[in-house]
Amino acid sequence: MKSICVIGIGYVGLPTAAMFASKGHRVVGFDLNKEAVDALNKGKIIIEEPGLEDLVKKTVESGMLSGSTECPEDCDVYIIAVPTPINEDKTADMRYVRSATESVVPCLRPGNTVILESTSPPRTVEDLMLPILEKSGLKMGEDVYVAHSPERILPGQVLYELRTNSRIVGGINEKSAMEVKKLYESICEGEICLTTATTAEMCKLMENTFRDVNIALANELAKMSEELGVNAWEVISLSNKHPRVNLHFPGPGVGGHCIALDPWFLVEKSKNALLIKQGRLINDSMPEYVFDKIKTILGGFNGQRVTLLGVTYKPDIDDVRESPIMKLRGLLEKENIEVCACDPHAEKAGCIGDVYSASKGSSLVVLCVNHKEFADIDFNKLKEVMSGDTILDTRNFIDKEKVEAAGLKYMLLGNGR
Ligand code: SAJ
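Nothing here was measured: the structure is a model prediction, and the numbers come from that model.

### Details of the pairing of strand 4 (residues 77-80)
Every other side chain in a regular strand lies on the same face of the sheet, so the side chains alternate between the two faces. Alternating positions in strand 4 separate into two faces, V77 and I79 on one and Y78 and I80 on the other, with burial throughout. Here four bridges tie strand 1 (residues 3-7) to strand 4, and the two strands are oriented parallel to one another. Each bridged residue has a counterpart across the sheet, and for I4 the counterpart in strand 4 is V77. Bridge count between strand 4 and strand 5 (residues 113-116): four bridges; the pairing is parallel. Bridge pairing in strand 5 places V77 opposite T113. Taken together, strand 4, helix 4 (residues 95-104) and strand 5 form a β-α-β motif whose crossover is right-handed.

Following this line, the structure appears as structure tokens:
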């Protein structure tokens, strides 16, 4: 069993730390965010993720997991799981990876391992981390093992995916990769594949880019369908019956801290990332596209009230990072219109939890996120509280027949029929 320091106890670091602790490793979660560290030491979490609080509570109570605002010196393994945001100009902001790496340097001893889990631009381990780690005077790859093992967990099912997904371990040499593989074997039942650090960085970015580009294709299909009198959702459903086609789904945009950012890391590093850049621009155009649609439906902005159902970046979580709905909300709020955001998962982002109070007096209700709470809306009750009669569904989530049976009008993003 190892002693492990996980640097960064956010969406990735915390579940990873708890998982290692649950398998008998002694784990310290190091973060500069005192609120997160204090919560951890009380066995609590400040994010929403099914099952995570139970696991954190159990491992803290067992004494295997604790939090600290200082990097502990006596660990065998340092796992860096800090954010890699993007700057205004769409280049990667590597501040946190750099400072996390620097904080490890004084702690390093022969036999230690340093792992980067944060999604990073290609060559981060080789060009950014190694020169910093070498300041310890130790030989990387010989005295200290170094690898990139990107996280691939899906928010909302993090614990399950941590355990069952396959994992890529990219070492700066074979010895490093082997050492890191042994460690992850204690928490990961999936296949663990070994490669180089830079290949691992590229794999992670291409996985998220694959999804982003495919969503862009679906969003382009939605726009074309509205133009050409076709229902994009029917096209997707029928086309996906082909054994080698898997069209993704359109929507009001791509959010979250991964898919909406990671492709830019490739655009930054390679002049050949043309399709990738175009995909990003298409997905980023969706909040504005929905905004224009709302304007058309309302016949211009004249003091009406509009309700947005859902503001998080995807269903059944509380994460509003890079949420396209927050962008849409911001665009609408600049107009002569009253915007009411309803989201039972995001009351701390200034939202009303209840659909009917949020829709009171609204001319238009827009379904933005397919939270399970919105699956059984009573449209008769909704009609009673609304002042207008239109529902715009941007996710193909609402039952058109139920809406129409209540005497409301149903409109669907991507349906040009
Ligand atoms: N979305 C669409 N249409 C679709 C699918 C998704 O508009 O057909 C939108 C969602 O509404 C959301 C965004 O895309 O706004 C991203 O959501 P997601 O569920 O596709 O992915 P994330 O960002 O929550 O997690 C992704 C995952 N990557 C892949 O599936 C390739 C996850 O496995 C990664 O670990 C995670 O990024 C990460 O941390 O990199």
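Here the narrative resumes, following the displayed structure.
### Here we look at helix 2 (residues 34-41)
Looking only at helix 2, the buried set comprises A36, V37, A39 and L40. Across the axial projection of helix 2, the buried residues extend over an arc of 165°, all falling on one side. Structural note: helix 2 exposes K34 and E35 on the side pointing more than 90 degrees away from its buried face. Next to the buried residues of helix 2 lie helix 1 (13-22), strand 2 (26-30), helix 3 (52-61) and strand 3 (65-68). Put simply, N33 is the residue that caps the front of helix 2, since its side-chain oxygen is 3.0 Å from the backbone nitrogen of E35. Phi for G43, located one or two positions after helix 2, is positive at around 75°.

### Concerning empty space enclosed by the protein
In this structure the tally under the stated criterion is two cavities of 30 Å³ or more. Considering only enclosed or pocket space, the largest cavity measures out at about 60 Å³ in volume. Its residues assigned to classes, the lining of the largest cavity comprises four nonpolar, two polar and four charged. Surrounding the second largest cavity, K2, V77, T113, E179 and L183 form its lining. Residues that form the lining of the second largest cavity fall into these classes: two nonpolar, one polar and two charged.

### Digging into the site of the ligand
Neighbouring residues of the ligand: 21 residues in total, closest E151, K204, N208, R211 and Y313. One nitrogen or oxygen atom from the side chain of R211 is found 2.5 Å from an oxygen atom belonging to the ligand. The element best represented in the shell around the ligand is helix 8 (residues 197-228), accounting for five residues. Across the shell around the ligand, the residue classes tally to nine nonpolar, four polar and eight charged. Two domains each provide a minimum of three residues to the shell around the ligand, namely domain 1 (3-196) and domain 2 (232-417).

### Some remarks on the packing of aromatic side chains
As enumerated under the stated definition, the model contains three aromatic pairs in all. Residues W233 and F249 carry aromatic rings whose centres are separated by 5.9 Å and whose planes lie at 15° to one another, so their mutual orientation is stacked. Linking W233 in helix 9 (residues 232-239) with F249 in the loop between helix 9 and helix 10 (262-269), this pair joins segments that are 16 residues apart in sequence. By relative accessible area, W233 is classed as buried at 9%. The ring of Y184 has R167 lying over it, and the distance from NZ or CZ to the ring centre is 4.0 Å. Here the guanidinium or amino end of K381 rests over the ring plane of Y356, the centre of that ring lying 4.2 Å away.

What counts as what
Residues numbered from 1 in each chain as written. Predicted model: local features only at pLDDT ≥ 70, side-chain atom pairs only at ≥ 80, totals over all residues. Heavy atoms only, no water. Buried < 20%, exposed > 50% of the residue type's maximum accessible area, 1.4 Å probe, protein only. Helix = DSSP H or I, 4+ residues; strand = E, 2+ residues; numbered from the N terminus. Pairing = 2+ DSSP bridges. Right-handed = clockwise from strand over helix to strand, strands pointing away. Arc of directions from axis to C-beta. Contact = heavy atoms within 4.5 Å. Polar contact = N/O pair within 3.5 Å; in protein donor to acceptor, adjacent residues only side chain to side chain. 1 Å grid on protein atoms, 1.4 Å probe; cavity = no way out; pocket = protein on both sides within 12 Å on 5 of 7 lines; lining within 4 Å. Points joined across faces, edges and corners; volume = space filled by probe spheres on them. Nonpolar A, V, L, I, M, F, W, Y, C, P; charged D, E, K, R; others polar. Near = heavy atom within 4 Å. Domains from an automatic or database assignment. Phe/Tyr/Trp six-rings, centres within 6.5 Å; stacked < 30°, edge-to-face > 60°. Lys NZ or Arg CZ within 6 Å of the ring centre and 35° of its normal.

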